[in-house]
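# Results of the structural survey
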Amino acid sequence: MSWIYRTLLRPALFAQDSEEIHNCTLALLNCLGRHEVICDALASFLAPPELPVAVFGLRFPNPVGLAAGMDKHAAALPVWPALGFGFSEMGGVTWHPQPGNPAPRLFRAVADEALINRMGFNNPGAEAMAQTLAQWRALGRWPGHPVGINLGKSRITPLEKAAEDYAGSFRLLRPHADFFVVNVSSPNTPNLRRLQDKAALDEILAALQAINSTSQESNHPQSAIRNPHSPRPILVKVAPDLSFEALDEILELAGPRQIAGLVATNTTITRPETRNLDLQRIYAEAGGLSGRPLRARSTEIIRHLFRQTKGQLPLIGMGGIFDATDAWEKICAGASLVQIYTGLVYEGPGLVQEVVLGLSERLRAAGLANLQQAVGIEA
Ligand SMILES: Cc1cc2nc3c(=O)[nH]c(=O)nc-3n(C[C@H](O)[C@H](O)[C@H](O)COP(=O)(O)O)c2cc1C
């Protein structure tokens, strides 16, 4: 499947502008997602056998998730499980709707299998996102896997008011998703990454947990996950450019602010050395770099976080996952779950199945009974 995509489909797609192709693909997936029979047909080809994982009080049918930024409007929500994903993260979403940075703002560094983006949180805003999610539910097209929402800060909101901005989105969206990721690590909103400082992050998390604690006790017949008023796990997504000391400061908030897990990592503002002139031209673009060049650094961060927390804080690992070997590396370094963005662009929709099957094989070869036993074995 990936071979067909790489040799036939990808050259045609890569001949077009990257953001236009992205938008066309999402529009197509939006149409497909409305039809159960189409999603069932896709799933019969692309969904892997289960490889279950339980973290943050949620059950994931497999550990491979869709990373934030791919579906900022939740346009294709029902399609992600059909492509085999074990969970999906919608957004990033901000309290205010915003257009993002001027185009062009998404670039392919093909020789390195990387992307540079400076999208700047283009998104419809929390209210429109809540409506879209409610519509999918009303249509009976809600995925059978956990759905997360990535929360960002609106560009017009000053840094000092960041906590209110995140809290506004969380209050509105909390009934609509299973877990939330506080994104303070995007390089494309001015000064956003300063919110990774302990005091600023503490304020944001305090505001979100205050909303979480206003939860009403569930008398809902189903699990707490579907109870719109139960507290939601809140995770924090970190940048790969943070020092280990800065990461350790964030970890100090984990207990007091009940951080359910960390997501490592976002894109990097660093660039690899290269003599390739095409790459040099692309790497001169401002924005965050994702894909292959990010792999080693993000794994290093995951390993550090796992060691520091002695494996007590669940981690979602991502950055440059292109096959099962890359995903296995992240899991052995300490990730309980992984996510993919750039790999999907370069390898196509067969990638998820390949990764899950490859992980199952590696578990068997290592004589391990489940994925949890592999988490952090090489940390
Ligand atoms: C075009 C694009 C948009 C992104 N938007 C977001 C976003 O809104 N929020 C976020 O937390 N991460 C965002 N990311 C980062 C990804 O979720 C992921 O952390 C990063 O790309 C590394 O994974 P990868 O190497 O598999 O792509 C974006 C990445 C890309 C390429």
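Heads up: the structure comes first, above all this text.
Residues numbered from 1 in each chain as written. Predicted model: local features only at pLDDT ≥ 70, side-chain atom pairs only at ≥ 80, totals over all residues. Heavy atoms only, no water.

Our next topic: the overall build of the chain. Across its full length, the chain holds 13 helices and 13 strands. Taking the principal axes of its C-alpha atoms as reference, the chain extends roughly 55 × 45 × 40 Å. Residue pairs in contact within the chain that sit at least 24 positions apart in sequence constitute 74% of those at least 6 positions apart. When the accessible area of the chain is evaluated, it comes to approximately 15800 Å², of which 54% is carbon and sulfur surface. Taking the 34 positively charged and 35 negatively charged side chains of the chain as two groups, their mean positions are separated by 1 Å. (Helix = DSSP H or I, 4+ residues; strand = E, 2+ residues; numbered from the N terminus. Contact = heavy atoms within 4.5 Å. Areas by Shrake-Rupley, 256 points an atom, 1.4 Å probe, with all protein chains shown as cover. Lys, Arg positive; Asp, Glu negative; His and termini not counted. Charge placed at Lys NZ, Arg CZ, Asp CG, Glu CD.)

The immediate surroundings of the ligand are formed by 25 residues, with A68, N150, K237, G320 and T342 found nearest. A distance of 3.1 Å is found between an oxygen atom of the ligand and a backbone nitrogen or oxygen belonging to G92. Here an oxygen atom of the ligand sits 2.9 Å away from a polar atom, N or O, in the main chain of G291. Burial of the ligand by the protein chains amounts to 98% of its free accessible area of 610 Å². Those elements that place two or more of their residues in the shell around the ligand are β6 (114-117) and β11 (288-291). Broken down by class, the residue content of the shell around the ligand amounts to ten nonpolar, 13 polar and two charged. (Near = heavy atom within 4 Å. Polar contact = N/O pair within 3.5 Å; in protein donor to acceptor, adjacent residues only side chain to side chain. Nonpolar A, V, L, I, M, F, W, Y, C, P; charged D, E, K, R; others polar.)

Let us look at the sheet that holds strand β10 (residues 261-264). Pairing in this closed barrel of eight strands is parallel, and the strands run β3-β4-β7-β8-β9-β10-β12-β13 around the ring. The average angle at which neighbouring strand axes cross in this sheet is 25 degrees, direction not considered. (Pairing = 2+ DSSP bridges. Axes fitted to C-alpha atoms, helices over the stretch in contact; angles between N-to-C directions.)

Here we take up the pattern of salt bridges. Scanning all chains against the criterion turns up 13 salt bridges. Note that K198 and E252 form a salt bridge whose closest N and O atoms lie 2.5 Å from each other. You can see K198 sitting in helix α7 (residues 198-212) and its partner E252 sitting in the loop between α8 (244-251) and β10, a full 54 residues away along the chain. Among the ionic pairs, E329 bridges to R295, the shortest N-O distance being 3.0 Å. Placement of E329 in helix α11 (residues 324-333) and of R295 in helix α10 (residues 295-309) is noted, with a sequence separation of 34 residues between them. Classification of E329 by relative accessible area gives partly exposed; the value is 22%. (Salt bridge = Lys/Arg side-chain N within 4 Å of Asp/Glu carboxyl O. Buried < 20%, exposed > 50% of the residue type's maximum accessible area, 1.4 Å probe, protein only.)

The next thing to look at is α7. The end-to-end C-alpha separation of α7 is 20 Å, in line with the 21 Å expected for 15 residues at 1.5 Å each. Tucked inside the fold, the buried residues of α7 contact α6 (162-173), β8 (179-183), β9 (234-238) and α8. (Expected span 1.5 Å × (residues − 1).)

All right, on to the packing of aromatic side chains then. Using the criterion set out here, one finds nine aromatic pairs in the structure. Arranged with centres 6.2 Å apart and planes meeting at 40 degrees, the rings of F56 and F179 form a pair that is tilted. A residue pair is termed long-range when its members are at least 10 positions apart, and F56 in the loop between β1 (53-55) and β2 (58-60) and F179 in strand β8 qualify at 123 residues. As far as burial versus exposure is concerned, F56 and F179 are alike and both buried. With a centroid separation of 4.9 Å and an interplanar angle of 90 degrees, the aromatic rings of F170 and F180 are classed as edge-to-face. Of this pair, F170 sits in helix α6 while F180 sits in strand β8; the two residues are ten residues apart in sequence, bridging distant segments of the chain. Accessibility assignment for this pair places F170 and F180 in one class, buried. Ring pairing ties together the aromatic residues F56, F60, F87 and F179, which thus form one cluster. Note that R108 overlies the ring of F14, its terminal NZ or CZ placed 4.4 Å from the centroid. Positioned above the aromatic ring of F322, the side-chain terminus of R292 is 4.2 Å from the ring centre. (Phe/Tyr/Trp six-rings, centres within 6.5 Å; stacked < 30°, edge-to-face > 60°. Lys NZ or Arg CZ within 6 Å of the ring centre and 35° of its normal.)

On to the sheet that holds β6. Strand order in this open sheet of three strands is β5-β6-β11, and the pairing throughout is antiparallel. Two strands bound the open sheet, and with one partner strand each, they are β5 (106-109) and β11. Averaged over neighbouring strand pairs, the angle between their axes works out to 25 degrees when direction is ignored. The sheet contact formed by β6 and β11 spans four bridges and is antiparallel. Within β11, the residue paired with N117 across the bridge is G288.

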